[in-house]
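# Remarks on the overall topology
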Amino acid sequence: MSEHDDVEVGRRFGWFVRAGGAIGDLGSPFYREERQRDVWNEASAVGLQVTLWLALAAANGMVWLGGSSGLPYAFTVFGVVGVTSWVTVLYAGALGVTVDDADLLRLRLVPYLGLMVLFLVGAARVAPSDGFVGGLVWGGAFGGAVALVFILWSGLRARRRQRLGSA
C-alpha cells in the first residue's frame, strides 16, 4: 500500500483516523525517523499484548477470588480490554490493514482463549441467576462465544483463501 492509498483510505474514516492520530500523537517529530518509529511500533505492540494478558488475568482473579462482589470490576476490566482491542483492529482496518490473516489461528492465541473461557466460566459460577448482573454475565458469555466463533471463522476463511491463492 502506498502513502497515497493510506491517505485515501484515511479520508473515508476521517474523524476516526484523525482522533487516533491525535490520541497517539502521530504528528510528533519522533515519528519522522524510521527506526525510531519501527521500534516504538514494536514496543507498543508488546505493551498492548502485556496489557491484554495482565487485564485478563486480573479479571479472572476478580471473579475466582473475589466472587460475585468482584463481577462489576471484572466486567469493567474485561470491557476496557475489549474496547482497546476493537479500536486497534478498527484503526488498522480504517487504514486498509486487516487482521483477517491465515496466521490468526496461531497457537499463541490459545492462552488468550483459555483466559477468556476461564473468565466466563468463573463469572457464570458466581453470578446471581436473575437480575441485571445475571443477565450481564450470560450476555457476556454469549458475546464471548460469538467473538470466539468469529475469530475461528475468520482464521479458517483466511487459510482457505491463502491455500487457493497459492495453488
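Here, the structure is the one placed above.
First, a word on what this report is: a plain description of the structure on this page. Since this is a predicted model, take the numbers as computed values, not measurements.

The rules behind each value
Residues numbered from 1 in each chain as written. Predicted model: local features only at pLDDT ≥ 70, side-chain atom pairs only at ≥ 80, totals over all residues. Heavy atoms only, no water. Core = buried A, V, L, I, M, F, W, Y, C linked by side-chain atoms within 4.5 Å. Buried < 20%, exposed > 50% of the residue type's maximum accessible area, 1.4 Å probe, protein only. Helix = DSSP H or I, 4+ residues; strand = E, 2+ residues; numbered from the N terminus. Contact = heavy atoms within 4.5 Å. Patch = residues over 30% accessible without salt bridge, like charges linked within 9 Å, V, L, I, M, F, W, Y side chains within 5 Å. Areas by Shrake-Rupley, 256 points an atom, 1.4 Å probe, with all protein chains shown as cover. Salt bridge = Lys/Arg side-chain N within 4 Å of Asp/Glu carboxyl O. Expected span 1.5 Å × (residues − 1). Axes fitted to C-alpha atoms, helices over the stretch in contact; angles between N-to-C directions. Parallel < 35°, antiparallel > 145°, perpendicular 65-115°, else oblique. Left-handed = near helix turned anticlockwise from the far one by under 90°. Nonpolar A, V, L, I, M, F, W, Y, C, P; charged D, E, K, R; others polar.

## Digging into the nonpolar core
Of all hydrophobic cores here, the largest spans 21 residues; its most connected members are Leu56, Val63, Leu71, Phe75, Phe119, Ala123 and Val137. If you list the elements that add at least two residues to this core, you get α3 (34-66), α4 (71-94), α5 (110-126) and α6 (131-166). No other element matches the seven residues that α5 contributes to this core. Once residues lying within four places of it in the same chain are set aside, the contact partners of alanine 123 are Val63, Leu71, Phe75 and Val137.

## Here's the deal with a nonpolar patch on the surface
Among the surface-exposed residues, Trp86, Val89, Leu90, Val99, Phe150 and Trp153 lie close enough to one another that they form a single nonpolar patch of about 600 Å² accessible area. For the nonpolar patch, the element with the highest residue contribution is α4, accounting for three residues. The topology assignment puts phenylalanine 150 in helix α6.

## With respect to the environment of leucine 90
One can find leucine 90 in helix α4. A relative accessible area of 47% places leucine 90 in the partly exposed class. Between the alpha carbons of leucine 90 and phenylalanine 16 there is a distance of 9.1 Å; along the sequence they are 74 residues apart.

## Re α4
One turn of the α-helix equals 3.6 residues, which is why residues spaced by three or four share an orientation. Here α4 spans 34 Å end to end across 24 residues, near enough to the 34 Å set by a 1.5 Å rise per residue. Within the span of α4, buried status applies to Leu71, Ala74, Phe75, Phe78, Val81 and Ala94. Positive backbone phi, approximately 90°, marks glycine 96, located one or two places after α4.

## Here's the deal with the packing of helix α2 (residues 14-23) against α4
Working note: a packed helix pair is described by the angle between its axes plus the distance between those axes. At a closest axis distance of 10 Å, the pairing of α2 and α4 adopts a crossing angle of 120°. Classified by the angle their axes make, α2 and α4 are oblique. In the crossing of α2 with α4, the sense of the turn from one axis to the other is left-handed. In this structure, α2 uses Phe16, Val17, Gly20 and Gly21 to contact α4, whose residues at the interface are Val87, Leu90, Tyr91 and Ala94.

## As for the packing of α3 against α4
Two elements in contact, α3 and α4, have axes whose closest approach is 8 Å; the angle formed by their N-to-C orientations is 160°. What the angle tells us is that α3 and α4 run roughly antiparallel. As for the relative orientation of α3 and α4, their crossing is left-handed in sense. Each of Leu48, Leu52, Ala55, Leu56, Ala59, Met62 and Val63 in α3 lies in contact with α4, whose residues at this interface are Leu71, Tyr73, Ala74, Val77, Phe78, Val81, Thr84, Ser85 and Thr88. Tallied by class, the residues present in the contact of α3 with α4 amount to 13 nonpolar, three polar and no charged.

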